[in-house]
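Structure assessment
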Amino acid sequence: MRIAFIGPPGAGKTTQAEKTSDLLDVPVLTTGNILRDHKHEQTRYGTPAEYMETGRLVPDELINHIVDQQLQEPTYSRGVVFDGYPRTVNQAEHLHDRHPLDVVFLLEVQDHHIIDRINERLICPNCQKSYHLNYNPPKVYGVCDSCGTELTRREDDTQAILEEKIQTYREQTKALMEVYQAYGILQRIQADSDIETTWHQIKKVIQQMQDSQQQG
Ligand SMILES: [Zn+2]
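What you are looking at is a predicted structure, and each value in this text was computed from that prediction instead of being measured. (Residues numbered from 1 in each chain as written. Predicted model: local features only at pLDDT ≥ 70, side-chain atom pairs only at ≥ 80, totals over all residues. Heavy atoms only, no water.)

1. Concerning the coordination of the zinc ion
Put simply, the rule is: Note that water is not among the atoms used; donors are N, O and S atoms within 2.8 Å of the metal (3.2 Å for Na, K and Ca), so sites may look incomplete. Square planar and octahedral assignments, for four and six donors respectively, both demand that opposite donors be over 155 degrees apart and that all other angles lie between 65 and 115; tetrahedral needs four donors with all angles between 85 and 135 degrees, and anything else is irregular. A run of H or I in DSSP becomes a helix once it reaches four residues, and a run of E becomes a strand once it reaches two; helices and strands are each numbered from the N terminus.
The zinc ion binds to the protein through Cys124 (SG), Cys127 (SG), Cys144 (SG) and Cys147 (SG), with metal-donor distances spanning 2.2 to 2.4 Å. Coordination geometry of the zinc ion: the 4 donor atoms subtend angles of 103 to 121° at the metal centre, consistent with an arrangement described as tetrahedral. Sequence spacing among the residues donating to the zinc ion works out to C-x2-C-x16-C-x2-C. Here Cys144 lies in the loop between strand 6 (130–132) and strand 7 (152–153) and Cys124 lies in the loop between strand 5 (121–123) and strand 6, a separation of 20 residues in the sequence.

2. Digging into the sheet that holds strand 5
Heads up, the condition is: Strand pairing is assigned whenever DSSP detects at least two bridges linking the two strands.
The antiparallel open sheet is built from 3 strands, whose spatial order is 6-5-7. Either end of the sheet is taken by a strand with one partner, and the two such strands are strand 6 and strand 7. Looking at chain direction, strand 5 and strand 6 are connected through 3 bridges and run antiparallel. Paired with Leu122 across the bridge in strand 6 is Tyr131.

3. Describing the packing of helix 1 (residues 13–24) against helix 8 (residues 195–215)
As a reminder, the rule being used: Note on geometry: axes are C-alpha line fits, over the in-contact stretch for helices, and angles between N-to-C directions span 0 to 180 degrees. An angle below 35 degrees is read as roughly parallel, one above 145 as roughly antiparallel, one from 65 to 115 as roughly perpendicular, and any other as oblique. Each crossing is labelled by how the near helix is turned from the far one, with a counterclockwise turn of less than a right angle marking it left-handed and a clockwise turn marking it right-handed. Residue contacts follow a heavy-atom distance rule, with two residues in contact if any of their heavy atoms lie within 4.5 Å. Think of it as three bins: nonpolar holds Ala, Val, Leu, Ile, Met, Phe, Trp, Tyr, Cys and Pro, charged holds Asp, Glu, Lys and Arg, and polar takes everything else, Gly as well.
Orientation of helix 1 relative to helix 8, taken along the N-to-C sense of each, is 40°, at an axis distance of 10 Å. Classified by the interaxial angle, the pair formed by helix 1 and helix 8 is oblique. The two elements helix 1 and helix 8 cross, and the hand of that crossing is right-handed. Contacts between helix 1 and helix 8 involve Thr15, Gln16, Lys19, Thr20, Leu23 and Leu24 on the former and, on the latter, Ile195, Glu196, Thr198, Trp199, Ile202, Lys203, Ile206 and Gln210. Here the residues of the contact of helix 1 with helix 8 sort into 6 nonpolar, 5 polar and 3 charged.

Quick look at the structure:
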């Protein structure tokens with residue numbers, strides 16, 4: 001099964017992607033991580049580092065290229081849960097031509113909830129695991145459960161950048177939504193309440209899909 005999550009920053013995509021990965025026993029593919037891992041790889045579009053280190057947006061062609069390469073690896077043969085991909089219509093169409101998704105979950109949240117969530121968001125600078133003070137707190141305050149590193153706030157989460165992110169999200173998500181609606185695989189999920197309530201809805205959809213696969 002191939003699954004992707006779309007939605008605004010702070011909607012809980014990473015958390016729900018991890019839960020989905022555990023349920024189906026397939027790996028999560030996080031664009032941010034694979035770009036970091038392949039930072040210095042020479043491709044015909046340049047290296048990711050050239051963009052990342054100068055703060056420029058990594059072009060779709062380069063991201064698509066690196067994702068394609070990853071998907072060739074045997075780890076992803078049974079399926080994959082995407083986190084942070086596809087982000088543009090170009091990426092969505094590219095993926096659809098090669099490795100079509102089975103379902104895309106759109107996590108819908110109101111703007112004020114996005115702001116609340118991002119402000120309470122912490123990240124582990126070592127292993128990149130993310131936490132939320134209300135929704136998904138670490139076991140020990142300020143310390144990463146996985147590796148014991150001291151957690152930090154995401155430095156890009158200032159109000160101005162946040163509002164810009166939300167605006168960009170609205171435009172990008174609307175376009176992606178239309179694409180996936182046309183493919184007939186979009187599932188809207190109300191993600192305004194806590195992690196478990198959101199997860200319950202997602203799990204139900206996945207289980208229904210598994211049931212109908214078995215019957216078919
Ligand atoms: Zn950690």
